[in-house]
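# Architecture at a glance
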Amino acid sequence: MRNISQFISDRANLVDASGIRKVFDLAATMKDPINLSIGQPDFDVPDSCKEAAIEAIRKGFNRYTQTQGINQLISRVHADLTKELGRDPGEVFVTSGVSGGLMLAVLALINPGDEAVCLDPYFVMYKHLMTMAGGKLTAVDSYPDFRFYPERVEKAITPRTKLLILNSPGNPSGYVMTREDVQAAVDLARKHDLIILSDEIYKEFTYCEGADSPAKFYDRTLVLRGYSKSHAMTGWRLGYAAGPGEIIQQMLKLQQYTFVCAPSPLQLAAVTAEDVSMAEQVAAYRRKRDLVYNKLSSKFQIVKPEGAFYMFPKAPDGITATDFVTRAIENNVLIIPGNVFSSQDTHFRISYATTDEKLEKGCDILNSLV
Ligand SMILES: Cc1ncc(COP(=O)(O)O)c(C=O)c1O
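Residues numbered from 1 in each chain as written. Predicted model: local features only at pLDDT ≥ 70, side-chain atom pairs only at ≥ 80, totals over all residues.

### Things to note about helix 6 (residues 125-132)
All of the buried residues in helix 6 are Tyr126, Lys127, Leu129 and Met130. The positive-phi residue at the C-terminal boundary of helix 6 is Gly134, with phi of around 80°. (Buried ≥ 20, exposed ≤ 12 C-beta atoms within 10 Å, placed from the backbone. Helix = DSSP H or I, 4+ residues; strand = E, 2+ residues; numbered from the N terminus.)

### Observations concerning the domain arrangement of the chain
The domain boundaries assigned to the chain delineate domain 1 (4-44 + 278-368) and domain 2 (47-273). Each of domain 1 and domain 2 has a C-alpha centre, and these two points are 23 Å apart. In this complex, domain 1 contributes 29 residues to the contact, which on the side of domain 2 involves 31 residues. When residues of the side of domain 1 that touches domain 2 are traced back to their parent elements, those giving at least two are helix 1 (10-14), helix 11 (279-296) and strand 9 (310-311). Tallying contributions element by element places helix 11 first for the side of domain 1 that touches domain 2, with four residues. Tallied by class, residues from the side of domain 1 that touches domain 2 come to 16 nonpolar, seven polar and six charged. (Domains from an automatic or database assignment. Contact = placed C-beta atoms within 7 Å. Nonpolar A, V, L, I, M, F, W, Y, C, P; charged D, E, K, R; others polar.)

### Thoughts on the sheet that holds strand 12 (residues 348-351)
Across the sheet, three strands lie side by side as 9-12-11; this open sheet has antiparallel pairing. Two strands bound the open sheet, and with one partner strand each, they are strand 9 and strand 11 (336-337). As judged from the two bridges shared by strand 9 and strand 12, these two strands associate in the antiparallel manner. Bridge pairing in strand 12 links Met311 to Ile350. (Pairing = 2+ DSSP bridges.)

### Let's talk about the site of the ligand
Taken together, the neighbourhood of the ligand is formed by 13 residues, with Gly97, Val98, Ser99, Gly226 and Ser228 sitting nearest. If one sorts the elements of the shell around the ligand by residue count, helix 5 (residues 97-109) sits on top with three residues. Here the residues of the shell around the ligand sort into three nonpolar, nine polar and one charged. (Near = placed C-beta within 6 Å.)

Given below as structure tokens:
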């Protein structure tokens, strides 16, 4: 008889457990930690969206929707994107979170041996999805300031490269691509005939001007956005993809045999979400960004982030990020070592999506460890 482990696919074995999960497991053993590791907002879903979801469920809007999503949401997103980009964004498709969109996009575009390029540090899912599809992700060093350095990225492009994955505002750096960065990325994609996969899940949390989506300038862009972060709907699994119809149609075909559709009552609630202003929450996070930056910047080297709710400071000289994070955890502060997101173990990620009190305390402890 074979051991159960012999039944496990090579594909599954190639994927290692997310480093963030390991930190969460460690957190479970801590008593009331100051948790600065959480990748989701600390506010709740707006009441009007909750009501819309409850009403939809009560009214019996609980069955499968069409694969592409409900027309109200698709047409709303299409109209808003058309206005924002100044052009037709292509087809829109409601996905099960940005994660669902990423998975279908990679499955629709990547053959075994194909390559994608992104910046290092990067959101870990990119690497594992590429691995699952038999492809390869090349992550290009963007330290020390996390900018898009076109000459570095160009060196990573090979004849097998199909995708340029962009993520602005970025996880874990909080970096927001400037106009010049976006233009350089678009120029490179055009020159090397690449599709841009633009993960814009943190778009709502942008604290500076001038960060347009590459989709404004390049119609071979697949935009992925979602409601997880902007409206604190991480558990609702809702997002959307917009881009060239030929790609969306292939993603739809795969959706039929995987996710089937995004959760129906919650799609209706997302239409309501489109009319809810999150300006207050965004302003609060901008203030928290300033609070943490002001408290830590005299002791740590930090690129002030212009988006998302993360900061990515450098660990003190002479110590790896993993060792520094271990020390922080021993002192009851939970943060994430940079090597979870990077080939470098030099930085650590702080999420400031928590109370001011925890941020103050957490920063004091981190400062005391230097
Ligand atoms: C950069 C990035 N993309 C995508 C996701 C996945 O988001 P969703 O909840 O929409 O699947 C996350 C979640 O942390 C993220 O940080």
